[in-house]
Amino acid sequence: MEIEQAIRNYKDRLRIFLILYYFGEGYYNPQLPQFSKVFKSEVRIQKIDFLLRNPDYLSYELLRKAEGNSALRPEIMAIVRRISEDEEPEIRRLEMERFFFGAYEDIDDVISFLHSRDFIHFQSKRGSDLKTVEKQYFITQYADQKVSSSLGHLAALRWYMDRCLLIKKYFGDLNGTQLKVSQYQIEEYKNTSYGQFINSIQATVKEIFHNLYGEQL
Amino acid sequence: MTFDYDQFINALHQQHKESLSVSQIEELVGVREDYSIDTPDSTGKRLIVDQIFFSGKKKTTEVQPYAGDEIFYKQSLSSGINIWVADNLKGKSSIFKIIRWAFTGDSSLKNNIESWIDQILLNFSISEDHYSIHLDVTGSRPVGSLFRGTFDELSKLEQAGDSLVFSAKSATSYVERIQEFFFSEFSYYALKWTQKASQKDQNKLYESSASWKTYFYSIFLESGDTANLTMGDQGKKIFQMLLGLQYTLPINKLMVKKDMMVFDKALLENFHDQPDGADQNVDHQTTMRLQQVNQELQEISEANGAWVQIRNLYIECDTIIGVIRDKNRKIVDLENNLQKLQSEHHGLVLEKAHIESEKTRLEKEIQKAKRKILDIEEYLEIGIFFSNLDIKHCPSCDHLVTDTKKIAAAHEKKCAVCNDPMDADVEADKAIFEDKLENLQVVLDGLTRELQNLPLQDTSNAVERKDRDISQMMSHRAELSDTNELTKHLGELERQIELLKGAQKSDTEKDKFIAEKAVLEYKIAQQKAIQLKPVINYAANITLLNSAIAMLNDQRYSIGQHVLSSLSELMLQEIHALGLSSITEININEKFDVMYKQDGEFIPFSGIAEGEKLRAKIALYLSLIQLDIEKNFGRHTRFLIIDSPAKEEADDNYINGISTLLKGIEERFGAELQILIGTAVRGLEGIVEHEYITPKDQFVF
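From a predicted model like this one, the values you see are computed outputs, not experimental measurements.

**Structural notes on the overall build of chain B**
Summing up its helical and strand segments, chain B has 18 helices and 16 strands in all. Across the 701 residues that make up chain B, the buried fraction comes to 44%. Pairs at least 24 residues apart make up 72% of the contacts formed inside chain B by residues separated by at least 6 positions. Within the structure as shown, chain B displays about 37500 Å² of accessible surface, and the carbon and sulfur contribution to it stands at 48%.

Written out as structure tokens, the structure is:
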């Protein structure tokens, strides 16, 4: 297996797992005591993953939030500046392709891997309207323990945890559809053709930042 | 034959007693001493040049190989024929002109020769008496001195002491003193003639006289002067002086007197032609008109005097033009510097672009390295996170994967799910990645250092500095280019000049007024003259003078006939010796016209063919000298300079004729005369003893 592919597989597995872990809700079912959390909707996974993989689009969404809420401007200014100074749009960006409903990447292998290691349990069923498919992802107690005991000691992976918490802080209350709609507002995202990678908007982010704060990013 | 002055007076009185008394006649015809001055008998003196020396440093405004050559030319000469043979334009004529300069004080050298001559020392003899002439022409005013004795070196002149005859501190003074000397030695005097004034507003008659320089034409036959038989414009005067026939002086004086009287009489007669009764009006009208003309001339003078103002305006124009030119020169220099700066700027801009491009590349490489480092770090840690996780369920069928199956698979190094072989050594893989990480860090450090070392800031600063310099220079250029004010001022000055020039009258207009003024003054002078009772009986006087001149001419011709006949015979002999056998007789009349009989007809010198004139002229001079030597008649100095005697004659007969003649003269008269000859004809080499040969293409000095 190519080393780059191996690295990519590892990153995908961790990232998807952490999305499920940090954005899942608490779950208690005496009949299923092995599960501690549940995450609903694959669309939501895809949209959160898009924000994780594209720091420039996250900055854009944060600046739009700051435009709408002046109380948030100082903290968002610091966040966006740090993202830029740490060269995240250049180093941490992982492109995603545009499919029918926006940015999408197949996560079946990742889910299979996590399921095979007993980190998650996956369930999909038709909705009451018999048209939609509802997907649910249960986080196991085992995974929960693993995170608590191991993850905190791994410095290189700290960034993922912090980023998930950042996204959760400002956008955790949005469902998949809401996140999708929001991302569709962005011209570059909307105008990307099917099957093409969605391009960077760091220049737009700099312009908005300058217009909002009167400073250069 | 002694002139009987009293008989002469009586004879005149007989003719004119009704109009003139004896005393009046005596007063008119002059003093009796004048009538015994002339004699055709030779003085017996001869002029001979013993040595010529001159020095200087050749200079020329063009680049010539001889520029700067120091010249010390010395040539001792002998009695008889002395011949220089050299190519044309190599200095022969200059030597002769230098001799003439020393003898007369008058230089006819070309400026490019005269300008570099410093010293001339000419040793000469008049019969047995030796003299030296020194001309120092180093200063602005030449100093000419005559010494008794021979001084063959300049340094010896310092001990000349009592030998000095005279020293003249100016050219004019030298001319006067040397003339006085030679006139005294050879019994020459100044024959005179009358001529009208050359100025248009002057109606006068002047008296001119022959000088030593004039008589020197009989000595120096220049190559360009073959058109006339005798020498210069006053040839007959020179001829008369050389022959020395009796009564030449009184005839000359009476003729001048007569010319003056004829002129005065004519002035008077013009006034007498005016109709009677018109005098008063003409007088007033003439006076008034003269006043008007004087007024016009005054105005013209004032307007033309504005030339000073015009000149000053031109000077100011020149100054402004100079300033504009200076500005233009500075603009050109500025443009050159600007071009240089712009070229440097361009270079710096390119360099900066290159550095920025390099910076971009390095930044990308750094980001790439950081990504790889990040990926490997995450991979290792994710590996750690996931490494102790055993597979629990088959991802495909979700069946449990038993421990037994897992142990067996591990033992066989196979996957417990798909049975494919597993990669070996996790620790070895980890070591490899850690190595890679280390290497990437080194690369990253290197790239970072390289980025920090890029001289982008320095180059940017240099570009900015150049920008500023260029901007300053362009601003300066704009200032210099602004010559509007100067151009405007120049235009105004030119307009002023045109105005002033327009006010000036042309020379033609001025001349018209001057001519009219001359006529008016003449009329007024006539009127004033006529108001005085005429005390001079011009008619009677002129008639008497004519009679006296006629009588003297007859007597001169009668007494001098034998001299003239001898001369004619000698001339014919020499002409035949020179190859002109077509001339069969030569006649000199009482007016000193020389007539040549050719083909049965008497023709003047001007009627002789061009190719034969030079020989006829040489024949005359040689004859004059022979007249002195053989017959003891005449006052020629027996010294002759002939420049290019073969100039116009191309045929062998002539060359042979000249050769034979010169040999003959050398044999017969070598001890009695000196002839200096300059020629380019190599055929004349070897015919006489004293020859100075210059090889082809070389200069004499």
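**Some thoughts on the nonpolar core**
Core analysis: the biggest nonpolar cluster contains 109 residues, and Phe54, Phe103, Phe124 and Tyr596 of chain B have the highest contact counts within it. Ranked by residues supplied to this core, first place goes to helix α17 (residues 610–631) of chain B with 11 residues. In terms of nonpolar packing, the next biggest core, distinct from the first, is built from 64 residues, Ile45, Met96, Ala103 and Leu212 of chain A among them.

**Here's the deal with helix α8 (residues 158–171) of chain A**
Given a rise of 1.5 Å per residue, 14 residues ought to cover 20 Å, and the 20 Å separating the end C-alpha atoms of α8 of chain A matches this to within 8%. Taken as a whole, α8 of chain A has its buried residues at Trp159, Tyr160, Met161, Arg163, Cys164, Leu166, Ile167, Tyr170 and Phe171 of chain A.

**Thoughts on the packing of aromatic side chains**
Residue and element names in this part refer to chain B. Per the stated rule, a full pass over the model turns up 52 aromatic pairs over all chains. Between tryptophan 116 and phenylalanine 701 the ring centres are 5.9 Å apart and the planes differ by 50°, which places this aromatic pair in the tilted class. Highlighted residues: tryptophan 116 in the loop between α4 (111–114) and β4 (117–126) and phenylalanine 701 in the segment after β16 (690–693), separated in sequence by 585 residues. Neither residue differs from the other here; tryptophan 116 and phenylalanine 701 are each classed as buried. Every member of this aromatic cluster is reached through a ring pair, and the members are Phe103, Phe124, Tyr131, Phe181, Phe182, Phe183, Phe186, Tyr188, Trp212, Tyr215, Phe216 and Phe639.

**Examining the interface of chain B and chain A**
Taken together, the contact pairs 23 residues of chain B with 32 residues of chain A. Regarding the contact of chain B and chain A, the summed buried area is about 2800 Å², with carbon and sulfur atoms giving 66% of it. For the pair chain B and chain A, the number of links is four salt bridges. For the interface between chain B and chain A, the tally reads 11 residue pairs in polar contact (both at pLDDT 80 or more). The leading source of residues in the side of chain B that touches chain A is helix α10 (residues 307–387) of chain B, at 14 residues. When the residues that make up the side of chain B that touches chain A are grouped by side-chain class, the tally is 10 nonpolar, four polar and nine charged.

**Observations concerning the sheet that holds strand β14 (residues 639–643) of chain B**
All names here are of chain B. The parallel open sheet is built from five strands, whose spatial order is β10-β14-β15-β3-β16. One side of each edge strand has no neighbouring strand; the edge strands of this open sheet are β10 (220–221) and β16. In this sheet, β14 lies alongside β10 in parallel orientation, the contact comprising two bridges. Note that in β14 the partner of leucine 221 across the bridge is isoleucine 642. Each of β3 (80–85), β10, β14 and β15 (674–679) touches helix α3 (residues 92–104); the most contacted strand, β14, lies at about 145° to it. On the sheet, α17 packs against β10, β14 and β15 and is oriented at approximately 165° with respect to β14.

**Quick look at the side chain of threonine 192 of chain A**
One can find threonine 192 of chain A in the loop between α10 (187–191) and α11 (202–213). Threonine 192 of chain A has contacts with Arg98, Phe197, Ile198 and Asn199 of chain A, leaving out every residue within four places of it along the chain.

**Some points on the side chain of aspartate 12 of chain A**
Mapping aspartate 12 of chain A onto the fold places it in helix α1 (residues 3–23). Not counting the four nearest positions on each side in its chain, aspartate 12 of chain A is found in contact with Leu94, Glu105 and Val110 of chain A.

**Describing the pairing of β15 of chain B**
In the case of a regular strand, side chains alternate between the two sheet surfaces. Residues and elements named next belong to chain B. Burial runs high along β15: six of the six residues are buried. Where burial is concerned, the two faces of β15 agree: the one with Gln674, Leu676 and Gly678 and the one with Ile675, Ile677 and Thr679 are both buried. Bridge count for β3 against β15 is six bridges, and the pairing is parallel. Across the sheet, the residue bridging to isoleucine 83 is isoleucine 677, located in β15. Summarising the sheet, β14 and β15 pair through five bridges and their orientation is parallel. Each bridged residue has a counterpart across the sheet, and for isoleucine 641 the counterpart in β15 is leucine 676.

**Points about the confidence of the model for chain B**
Residues with a pLDDT of 70 or more make up 90% of chain B, whose mean pLDDT is 85. The ipTM value of the predicted complex is 0.91, and its pTM value is 0.51.

**What about the pattern of salt bridges?**
Any two side chains of opposite charge can pair if their charged atoms end up close together. Residue and element names in this part refer to chain A. Applying the stated criterion across every chain yields a total of 41 salt bridges over all chains. In this structure, the salt-bridge partner of aspartate 12 is arginine 15, at a minimum N-O distance of 2.9 Å. Note that aspartate 12 and arginine 15 are positioned in helix α1 at a spacing of three residues, about one turn of the helix. The exposure class of aspartate 12 is buried, given its relative accessible area of 10%. Using a relative accessible area of 3% as the deciding quantity, one classes arginine 15 as buried. Linked by salt bridges that have partners in common, Arg8, Asp12, Arg15, Asp49, Arg53 and Glu105 make up one network.

**Points about the packing of α1 of chain A against α8 of chain A**
All names here are of chain A. Where α1 contacts α8, the two axes come as close as 10 Å, and the packing angle between them is 40°. It follows that α1 is oblique to α8 by the angle criterion. Our pair here, α1 against α8, has a crossing hand that is right-handed. For the pair α1 and α8, the contacting residues are Lys11, Leu14, Arg15, Leu18, Ile19, Tyr22 and Phe23 in the first and Tyr160, Met161, Cys164, Leu165, Ile167 and Lys168 in the second. In terms of residue class, the contact of α1 with α8 is built from 10 nonpolar, no polar and three charged.

**Some thoughts on the sheet that holds strand β11 (residues 583–588) of chain B**
Residue and element names in this part refer to chain B. Spatial ordering of the open sheet is given by β11-β12-β13, a layout of three strands whose pairing is antiparallel. Among the strands making up the open sheet, the edge pair consists of β11 and β13 (601–604). When strand polarity is set aside, the average angle formed by the axes of neighbouring strands in this sheet is 30°. Across four bridges, strand β12 (residues 594–598) lies against β13 in antiparallel orientation. Following the sheet pairing, methionine 595 is matched in β13 by proline 604. In this fold helix α16 (residues 538–577) packs onto β11 and β12, with an angle of close to 155° to the strand it touches most, β11.

**Some remarks on the pairing of β4 of chain B**
Residues and elements named next belong to chain B. Counted residue by residue, β4 has nine buried out of 10 residues, so it is predominantly covered. Bridging between strand β1 (residues 47–57) and β4 involves nine bridges; their strand directions are antiparallel. Paired with glutamine 51 across the strands is asparagine 123, a residue of β4. Pairing between β4 and strand β5 (residues 129–136): eight bridges, direction antiparallel. What sits directly across from isoleucine 120, in β5, is leucine 135. From the end of β4 to the start of β5, which pair antiparallel, there are two residues, and serine 127 there has a positive phi angle of about 60°.

**A short note on the packing of helix α3 (residues 55–68) of chain A against α8 of chain A**
All names here are of chain A. Where α3 meets α8, the closest approach of the two axes is 11 Å, and the angle between their N-to-C directions is 30°. Here α3 is positioned roughly parallel relative to α8, judged by the angle of their axes. The handedness of the crossing between α3 and α8 is left-handed. Along its contact with α3, which presents Pro55, Leu58, Glu61, Leu62 and Lys65, the element α8 presents Arg163, Leu166, Ile167, Tyr170 and Phe171. Split by residue class, the contact of α3 with α8 holds seven nonpolar, no polar and three charged.

Cut-offs applied
- Residues numbered from 1 in each chain as written.
- Chains lettered and ligands numbered in written order.
- Predicted model: local features only at pLDDT ≥ 70, side-chain atom pairs only at ≥ 80, totals over all residues.
- Heavy atoms only, no water.
- Helix = DSSP H or I, 4+ residues; strand = E, 2+ residues; numbered from the N terminus.
- Buried < 20%, exposed > 50% of the residue type's maximum accessible area, 1.4 Å probe, protein only.
- Contact = heavy atoms within 4.5 Å.
- Areas by Shrake-Rupley, 256 points an atom, 1.4 Å probe, with all protein chains shown as cover.
- Core = buried A, V, L, I, M, F, W, Y, C linked by side-chain atoms within 4.5 Å.
- Expected span 1.5 Å × (residues − 1).
- Phe/Tyr/Trp six-rings, centres within 6.5 Å; stacked < 30°, edge-to-face > 60°.
- Buried area = accessible area lost by both parts, 1.4 Å probe.
- Salt bridge = Lys/Arg side-chain N within 4 Å of Asp/Glu carboxyl O.
- Polar contact = N/O pair within 3.5 Å; in protein donor to acceptor, adjacent residues only side chain to side chain.
- Nonpolar A, V, L, I, M, F, W, Y, C, P; charged D, E, K, R; others polar.
- Pairing = 2+ DSSP bridges.
- Axes fitted to C-alpha atoms, helices over the stretch in contact; angles between N-to-C directions.
- pLDDT = per-residue confidence, 0-100.
- Parallel < 35°, antiparallel > 145°, perpendicular 65-115°, else oblique.
- Left-handed = near helix turned anticlockwise from the far one by under 90°.

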